[in-house]
Amino acid sequence: MNRPTEQVLVNCAVYDAVTDTAQSDQGVWIGPDGLIRAVGPVDDVLAEAGDTTVVDLDGGYVMPGLTNMHVHLSLGLPGHFGDEVHRSDQAELVLLMADSARRTLHAGITTARLVGESRYADFALRKAIDRGAVDGPRIFTAGHALCCTGGHGWDADALEADGADGFRKLTRQQIRAGADLIKVCISGGIAGQHESIDTPQLLDDEMAAVIQVAHDWGRKVTAHAGPADSVRRAVELGLDCVEHGYELTDEVTKLMAARGVWYVPTIVVSRCEQFFRDSGVPGWLMDRALAAGPRHWESLQLAIRNGVPIAMGSDMPPHAGYDETTATVRELEFMVEAGMSVADALKSATVRPAQWLGADDRLGTVEAGKHADLLVLRDDPTRDISALRTLRLVMKDGVVYRDDTNATGKARR
């Protein structure tokens, strides 16, 4: 089990997702409990910390670890990934997911929101990560996604139900298993062969049943959704978050903004042709995904323009290679290309997800009292979102899991 080391990070600038700037000549004091004890001018922090280990970051930029809000560690996409998941037994599945979790953490994602996994293996993995037995991001999980009979995700281990009572039961089952949130599929999508993106799949009483039970138990609900009308109906029923939103409209995004409904666009999934080819997905899936691209892009732009709260999520494996970076970083670059400011893009992957998850008292910023989930970059992320491509060090709870420059190995007292 890895344990945090009390240390002070020096020779660095700090971006904290509050001021939208990177403050130079800072020190970050990390306690033996993996929490940040102090952040501020380096001399002040060193004086407060006293005799402890000092780590020179060689002018690097420190920022909060990234949160990816749309992750499947047991990706059931038709093709190589799905085949490997479906033919694995329970032990093999957990090991596959553990490997994906490790790669996700090494890519700078220190927190992941899982939105549909297989055979409840995510709960075992979450426990193992929390105990330090497995390397991986901090996990918030929905357990299994919920769908109607034959609905989106039924062949990727989503649980099927029909009628309000059926969906109430499935929602309670996920909460019983330990779900932090509920994921429900209310329309068709890219990966369902016998549906189209704009196929409505849940009736109002079914959506309302999921939302009411989840809210009664203190859980939020996020929905896989494509067409604007399905999103509108769910928002009016009290939905908390929309995934994908392939075909949003000006009217619906304004309604989402007015109701405080969040959006996780996953824009990479409708523009990742090479990933689909490498994954061996069927031609119909790739054609549908790429054809959805222009309308999906317009949806993202409308959401940005109308002030919808947006959080970053990739749907692709967070660590997957994409344009010489990862799917996570490419998602953020696309968001900026679509019109989001660099400051908002950074917040969409740090402090804002922490707010949605109800964890902003302990995650999302570089502040005293919060978990030392930190990244070190070579370049300034406040100037260019692509600075995330210069990731050099990943720390979670004060433990270093990746250090490309061996800064921690050259620590001094």
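Only a predicted model underlies this, so the values are computations on that prediction, with no experimental measurement involved. In every chain, residue numbers begin from 1 and rise along the written sequence. For this predicted model, a pLDDT threshold of at least 70 governs which residues receive local features, and a threshold of 80 or more governs which side-chain atom pairs are given and counted, while totals over whole chains, interfaces and linings are taken from all residues. With hydrogens and water set aside, each side-chain value is computed from the structure's full complement of heavy atoms.

1. Side note on the pairing of strand β1 (residues 7-15)
For step 1, the next point in the chain: Buried residues are those whose accessible area, probed at 1.4 Å on protein chains only, stays under 20% of the maximum for their type, while exposed residues exceed 50% and partly exposed ones sit between those limits. What counts as a helix is a DSSP run of H or I of at least four residues, what counts as a strand is a run of E of at least two, and both are numbered from the N terminus. Judged by how many residues are buried, β1 sits mostly within the fold: eight of nine residues are covered.
For step 2, the next point in the chain: Here β1 folds back onto strand β2 (residues 22-30) in antiparallel fashion, the turn holding six residues, of which alanine 17 has a positive phi close to 65 degrees. Following DSSP output, two strands are said to pair if at least two bridges run between them.

2. As for the state of the cysteines
For step 1, the next point in the chain: Criterion for a disulfide: a pair of cysteine sulfur atoms at a distance within 2.5 Å. Under the criterion given, the structure shown has zero disulfides.
For step 2, the next point in the chain: The thiol sulfur of cysteine 148 is not disulfide-bonded, and the nearest other cysteine sulfur, from cysteine 147, lies at 5.9 Å.
For step 3, the next point in the chain: Look at cysteine 148 and you get buried, because its relative accessible area is 10%.
For step 4, the next point in the chain: Residue cysteine 272 stays outside any disulfide, its sulfur separated by 18 Å from that of cysteine 185, the closest cysteine.
For step 5, the next point in the chain: With a relative accessible area of 1%, cysteine 272 lands in the buried category.

3. Quick notes on the packing of helix α3 (residues 90-106) against helix α4 (residues 121-131)
For step 1, the next point in the chain: Helix axes use the C-alpha atoms of the stretch in contact, all axes being lines fitted to C-alpha atoms, and the angles between their N-to-C directions lie in the range 0 to 180 degrees. The geometry of α3 relative to α4 is characterised by a closest axis approach of 10 Å and an angle of 55 degrees between their N-to-C directions. The pairing of α3 with α4 is recorded here as oblique in orientation. The crossing of α3 and α4 is right-handed. Residues Gln90, Leu93, Val94, Met97, Ala98 and Ala101 of α3 lie in contact with α4, whose contacting residues are Ala121, Asp122, Leu125 and Ile129.
For step 2, the next point in the chain: Under the scheme applied, nonpolar residues are Ala, Val, Leu, Ile, Met, Phe, Trp, Tyr, Cys and Pro; charged residues are Asp, Glu, Lys and Arg; polar residues are all the others, including Gly. Grouping the constituent residues of the contact of α3 with α4 by class yields eight nonpolar, one polar and one charged. Orientation is classified from the angle alone, with under 35 degrees giving roughly parallel, over 145 giving roughly antiparallel, 65 to 115 giving roughly perpendicular, and any other angle giving oblique. Crossing handedness is defined as follows: a turn of the near helix away from the far one that is anticlockwise and smaller than a right angle gives a left-handed crossing, while the clockwise case is right-handed. The contact criterion used is simple: two residues touch if any of their non-hydrogen atoms lie within 4.5 Å.

4. Things to note about helix α1 (residues 42-49)
For step 1, the next point in the chain: Three or more residues of α1 are buried, namely Val42, Val45 and Ala49. All buried residues of α1 project into a common sector of 65 degrees when viewed along the axis, lining one side. Opposite the buried face of α1, at more than 90 degrees from it, the exposed residues are Asp43, Ala47 and Glu48.
For step 2, the next point in the chain: Buried residues in α1 make contact with β1, β2 and β3 (36-41).
For step 3, the next point in the chain: Positioned one or two residues after α1, glycine 50 has a phi angle of 70 degrees, which is positive. As used here, the arc belongs to the directions running from the helix axis to the C-beta atoms.

5. Structural notes on unusual backbone geometry
Where the residue is not glycine, phi is negative for most of them; where a peptide bond is considered, it is trans in most cases.
For step 1, the next point in the chain: Of note in this structure, aspartate 25 is not a glycine but carries a positive phi near 55 degrees.
For step 2, the next point in the chain: Residue position: aspartate 25 is located in strand β2.
For step 3, the next point in the chain: A positive phi angle is found at threonine 266, which is not glycine, with a value near 45 degrees.
For step 4, the next point in the chain: Mapped onto the elements of the fold, threonine 266 is located in the loop between β13 (262-264) and α9 (273-279).
For step 5, the next point in the chain: Judged by relative accessible area, which is 0%, threonine 266 ranks as buried.

6. Quick word on the packing of helix α5 (residues 163-177) against helix α6 (residues 204-216)
For step 1, the next point in the chain: Their axes nearest at 8 Å, the elements α5 and α6 cross at an angle of 30 degrees. Judged on the interaxial angle alone, α6 and α5 are roughly parallel. Along this stretch, α5 crosses α6, giving a crossing that reads as right-handed. Contacts between α5 and α6 involve Gly163, Ala164, Phe167, Arg168, Thr171, Arg172 and Ile175 from the first element and Asp205, Glu206, Ala209, Val210, Val213 and Ala214 from the second.
For step 2, the next point in the chain: Here the contact of α5 with α6 is built from residues that sort into seven nonpolar, two polar and four charged.

7. Some remarks on the side chain of serine 187
For step 1, the next point in the chain: Within the fold, serine 187 resides in the loop between β10 (181-185) and α6.
For step 2, the next point in the chain: Judged by its relative accessible area of 0%, serine 187 is buried.
For step 3, the next point in the chain: In the analysis that follows, any N or O atom pair within 3.5 Å is treated as a polar contact, provided that within protein one partner can donate a hydrogen and the other can accept it, and provided that, for residues neighboring in sequence, both atoms belong to side chains. Of the polar contacts made by the side chain of serine 187, one reaches the backbone nitrogen of glycine 226; its length is 2.8 Å.

8. Observations regarding the side chain of histidine 144
For step 1, the next point in the chain: Position of histidine 144 among the secondary structure elements: in the loop between β7 (138-141) and β8 (146-148).
For step 2, the next point in the chain: Given a relative accessible area of 5%, histidine 144 falls into the buried group.
For step 3, the next point in the chain: Residues in contact with histidine 144, not counting those within four places in the same chain, are Gly116, Glu117, Ser118, Arg119, Tyr120, Asp157, Leu159, Gln174 and Lys183.

9. Quick word on the pattern of salt bridges
For step 1, the next point in the chain: Any Lys or Arg side-chain nitrogen found within 4 Å of a carboxyl oxygen on Asp or Glu counts as a salt bridge. This model, assessed by the stated rule, comprises 26 salt bridges.
For step 2, the next point in the chain: Between aspartate 58 and arginine 392 there is a salt bridge whose closest N-O contact spans 4.0 Å. Taken together, the residues span a long stretch of sequence, with aspartate 58 in strand β4 (residues 53-64) and arginine 392 in strand β17 (residues 391-396) at a distance of 334 residues.
For step 3, the next point in the chain: Arginine 392 gets classed as buried once you look at its relative accessible area, which sits at 13%.
For step 4, the next point in the chain: Put simply, arginine 138 and aspartate 397 hold a salt bridge, and the shortest N to O gap is 3.3 Å. Of the two residues, arginine 138 is situated in strand β7 and aspartate 397 in the loop between β17 and β18 (399-403); the sequence distance between them amounts to 259 residues.
For step 5, the next point in the chain: On the accessibility criterion, arginine 138 (14% relative accessible area) is buried.
For step 6, the next point in the chain: Bridged by salt links that share partners, the residues Asp323, Arg330, Glu333, Glu337 and Arg389 form one connected network.

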